[in-house]
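A structural walkthrough
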Amino acid sequence: MAGLATTFGSGAMTNSISDIGGARCILAIGTNTTEAHPVIGFGVKSAVRKGTKLIVANPRYIELCQFADIWLRHRPGSDVALLMGIMRVIVDEGLLDRAFIEERCENFDALEQSLTGFDMDFVERTTGVLGEQIAEAARMYATNSPAAILYSMGITQHSHGTDNVMAVANLAMLTGNVGKPSAGVNPLRGHNNVQGACDMGALPDVYPGYQRVADPQARAKFEAAWGCKLDPSPGLTLTELFGAARRGEVKAVYLVGENPVLTDPDARHVREALESLEFLAVQDVFLTETARLADVVLPGVSFAEKDGTFTNTERRVQRVRKAIEPVGSSRPDWRLTCDIARKMGGRGFDFSHPRQIMDEVASLTPSYGGISHDRLEAGGLQWPCPNKEHPGTSILHTERFTRGKGRFVPLEYKPPAETADENYPLLLTTGRSQYHFHATLTRKVSGLNALKPEELVEVNPVDALMLGISEGDRVRVTSRRGEVTARAMVTDASPAGVVSMTFHFSESPANLLTNPSLDPVAKIPELKVCAVRVEKIA
């Protein structure tokens, strides 16, 4: 999401979930919405039934393809070429919103110049999509306003993910689809409180509210409030941390609510990094695969056992109310962290209820300045909500962007860090099952195991025939980093040359295979593309 922040601020949804139904056109790119965000997916399907145009851009056949007016089946990792090709058509045919560009944006000439590198022949060769289809999608998106863009980790989890996000932002600004109802750029967050975690500073380069640690004024404000000196240097991302641990530069890790042994790329090296630490503490609801490696496990609680707030993908802060007392010796996460801090001599951790923590958040975070537990009793509030009289903000950038004018970013196409070759002739892309979603509950809920009991490798019939693989065969999937076994599912949901897996099952951990190559700006790993070979197990 970092690329979007240059112009749009936090990388949050610019519009509201309820807004989507009013769009005349929806472009869903890099998102399997009905699987990963089923409530929003239902909204998209409802909008289509009422006449909304739908463009789906996804290498795999997903449920939304059934409802799409146009399905752009581009090659994994070719998103920039596809989006720039769409923009080239819009500019060449005069379908851009010149008034919006003149009034609200800058650097358009640089973008226009960069589009000369994306003639339709190049875009067709790179994406595998017919030029006629790309042109049709461009016209549909540009001439049906308001138009909304939905995207998820199919855009961000690439070695050029920031460029992908910039391309999405360029397209929305080019057509004036920002700052108005039922339009905008809408990244769909992966969990119920990912947005809230980022808002609260769970990133290595910002304090709460995306106030940068390198900003002397922001740092001075937090130093005064917290009564301590703060390091002006950004820290490490999660993926960078494991490399630092293997090099001996990080000695101890306190890991809260994360299971990287299953969910992070190149999982063998993740395990090696964690095992090399002098001390590992894991705080979680279950004894996860990662928690089994820990020196100390701190039992956290589920949503039903604590008070507090969640901030969802549309920036809506909502109350969480305790329904039952914590089970056994478990405690709410905030209390565990405060207890540790006090034991270490830290000051400012004498909270007795999460409402006090929210009051501190409001005092230091302008976008949360008007949010309190008392106000949230009447319903959720969308930030920015700067004061107690403010009703919250349903649409961002209605008059100006975070940086003032929206800045177009010229782009060039960069291929994935790995491409298919003689030794690894197929590409692997990963996704989620709506039944398991991530990895924490997999194998712990009997109902979920009944719905999807094991990992399946999607193999296209063309590839299956060449490899002698039939439905249900045990297969070995091997990359440059490791190998896993699972059963084959022969289906044309995945295109020829591409196989697909989820990453939920510890018996078939797909992230043993995936590529830890990082986007140079956002430091997000390329989980969506890696080169593999597939062999039938006798």
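Residues numbered from 1 in each chain as written. Predicted model: local features only at pLDDT ≥ 70, side-chain atom pairs only at ≥ 80, totals over all residues. Heavy atoms only, no water.

1. Points about the domain arrangement of the protein
We note that the domain assignment places domain 1 (2-188), domain 2 (194-382) and domain 3 (426-536) within the protein. Between the C-alpha centres of domain 1 and domain 3 the distance comes to 26 Å. Counting from both sides, the interface comprises 19 residues of domain 1 and, opposite them, 25 residues of domain 3. Taken over both partners, the interface formed by domain 1 and domain 3 buries close to 1,800 Å², and the fraction arising from carbon and sulfur atoms is 55%. Counting the contacts that link domain 1 with domain 3 gives 1 salt bridge. Notably, a salt bridge pairs E458 with R60, separated by 2.6 Å at the nearest N-O pair. (Domains from an automatic or database assignment. Contact = heavy atoms within 4.5 Å. Buried area = accessible area lost by both parts, 1.4 Å probe. Salt bridge = Lys/Arg side-chain N within 4 Å of Asp/Glu carboxyl O.)

2. Let's talk about the environment of Y61
The residue Y61 is located in the loop between β2 (53-57) and β3 (70-72) in this model. Linking Y61 and P495, residues 434 residues apart in sequence, is a C-alpha distance of 8.3 Å. (Helix = DSSP H or I, 4+ residues; strand = E, 2+ residues; numbered from the N terminus.)

3. Notes on the packing of aromatic side chains
In the structure shown here, the tally under the stated rule is 9 aromatic pairs. Ring plane angle 75° and centroid distance 5.7 Å describe the contact between F118 and F122, whose orientation is recorded as edge-to-face. Its relative accessible area of 3% is what places F118 among the buried residues. When its relative accessible area of 21% is taken as the criterion, F122 is described as partly exposed. (Phe/Tyr/Trp six-rings, centres within 6.5 Å; stacked < 30°, edge-to-face > 60°. Buried < 20%, exposed > 50% of the residue type's maximum accessible area, 1.4 Å probe, protein only.)

4. Some remarks on the environment of A362
Along the chain, A362 falls in helix α17 (residues 354-364). Considered as a pair, A362 and C385 are 23 residues apart in the sequence and their alpha carbons are 9.6 Å apart.

5. Points about the packing of helix α4 (residues 79-92) against helix α10 (residues 161-174)
Closest axis-to-axis distance for the α4/α10 pair is 9 Å, and the angle between their directions is 20°. The orientation of α4 relative to α10 falls into the category roughly parallel. Between α4 and α10 lies a crossing whose hand is left-handed. Packed against α4, whose contacting residues are D79, V80, L83, I86, M87, I90 and V91, the element α10 presents D163, N164, A167, V168, N170, L171 and L174 at the interface. The residue makeup of the contact of α4 with α10, split by class, is 10 nonpolar, 2 polar and 2 charged. (Axes fitted to C-alpha atoms, helices over the stretch in contact; angles between N-to-C directions. Parallel < 35°, antiparallel > 145°, perpendicular 65-115°, else oblique. Left-handed = near helix turned anticlockwise from the far one by under 90°. Nonpolar A, V, L, I, M, F, W, Y, C, P; charged D, E, K, R; others polar.)

6. A closer look at the sheet that holds β2
Across the sheet, 5 strands lie side by side as β3-β2-β1-β5-β6; this open sheet has parallel pairing. Looking at which strands have only one partner, the edges of the open sheet turn out to be β3 and β6 (185-187). Strand-to-strand twist of the sheet, defined as the mean angle between neighbouring strand axes without regard to direction, takes the value 15°. Here 3 bridges tie β2 to β3, and the two strands are oriented parallel to one another. Opposite V56, over in β3, you have W71 as the bridge partner. Against the sheet, α4 touches β1 (25-29), β2 and β3, its axis set at about 155° to β1. Against the sheet, α10 engages β1, β5 (147-151) and β6, with an angle of about 175° to β5. (Pairing = 2+ DSSP bridges.)

7. Digging into the layout of surface pockets
Looking at the second largest pocket, its volume works out to about 220 Å³. If you trace the second largest pocket, you find 17 residues lining it, with H74, R75, P76, L427 and V498 closest to the centre. Taken together, the residues of the lining of the second largest pocket sort by class into 8 nonpolar, 7 polar and 2 charged. (1 Å grid on protein atoms, 1.4 Å probe; cavity = no way out; pocket = protein on both sides within 12 Å on 5 of 7 lines; lining within 4 Å. Points joined across faces, edges and corners; volume = space filled by probe spheres on them.)

8. Observations concerning unusual backbone geometry
Between S145 and the following residue, P146, the backbone shows a cis peptide bond with an omega angle of 5°. Counting through the fold element by element, P146 comes out in the loop between α8 (131-143) and β5. The amide bond that connects W383 to the next residue, P384, takes the cis arrangement and shows omega of 0°. With a phi angle near 70°, R315 is a residue other than glycine that sits in the positive phi range. Tracing the chain through its elements places R315 in the loop between β12 (308-311) and β13 (316-320). At H397, a position not held by glycine, the phi torsion is positive, near 60°. Looking at the element boundaries, H397 is found in the loop between β14 (381-382) and β15 (406-407).

9. A closer look at the sheet that holds strand β9 (residues 252-256)
Strands in a sheet are paired, the pairing made by backbone hydrogen bonds, and the direction either parallel or antiparallel. Overall, parallel pairing links the 3 strands, which are arranged β9-β10-β11 in an open sheet. Two strands lie at the open edges of the sheet, namely β9 and β11 (296-299), each paired on one side alone. The mean angle between the axes of side-by-side strands here comes to 10°, regardless of whether they run parallel or antiparallel.

10. Considerations on the side chain of N460
Counting through the fold element by element, N460 comes out in the loop between β17 (456-459) and α20 (461-467). Looking at N460, its side chain comes within polar contact range of the main-chain nitrogen of V462, at 2.9 Å. Apart from residues no more than four positions distant in its own chain, N460 is found in contact with T491, D492, S494, P495 and A496. (Polar contact = N/O pair within 3.5 Å; in protein donor to acceptor, adjacent residues only side chain to side chain.)

11. A look at the pattern of salt bridges
In this structure the tally under the stated criterion is 30 salt bridges. Residue R481 pairs with E418 through a salt bridge whose shortest N-O separation is 2.8 Å. Linking R481 in the loop between β18 (474-478) and β19 (483-490) with E418 in the loop between β15 and β16 (426-431), this pair joins segments that are 63 residues apart in sequence. The exposure classification of R481 matches that of E418, with both residues buried. Between R476 and E483 there is a salt bridge, with the nearest N and O atoms lying 3.4 Å from each other. Taking the relative accessible area as the measure of exposure, R476 reaches 26% and is therefore partly exposed. For E483, a relative accessible area of 46% gives the class partly exposed. One salt-bridge network, in which partners are shared between bridges, spans D307, R319, R321 and E377.

12. Regarding the packing of α4 against α8
Remark: α4 packs on α8, axes separated minimally by 8 Å, with the N-to-C direction vectors making an angle of 65°. Compared by their axis directions, α4 and α8 come out roughly perpendicular. Pair α4 / α8 crosses with right-handed handedness. Here L82, G85, I86, V89 and I90 of α4 lie close against α8, whose contacting residues are I134, A135, A138, Y141 and A142. Looking at the contact of α4 with α8, its residues break down into 9 nonpolar, 1 polar and no charged.

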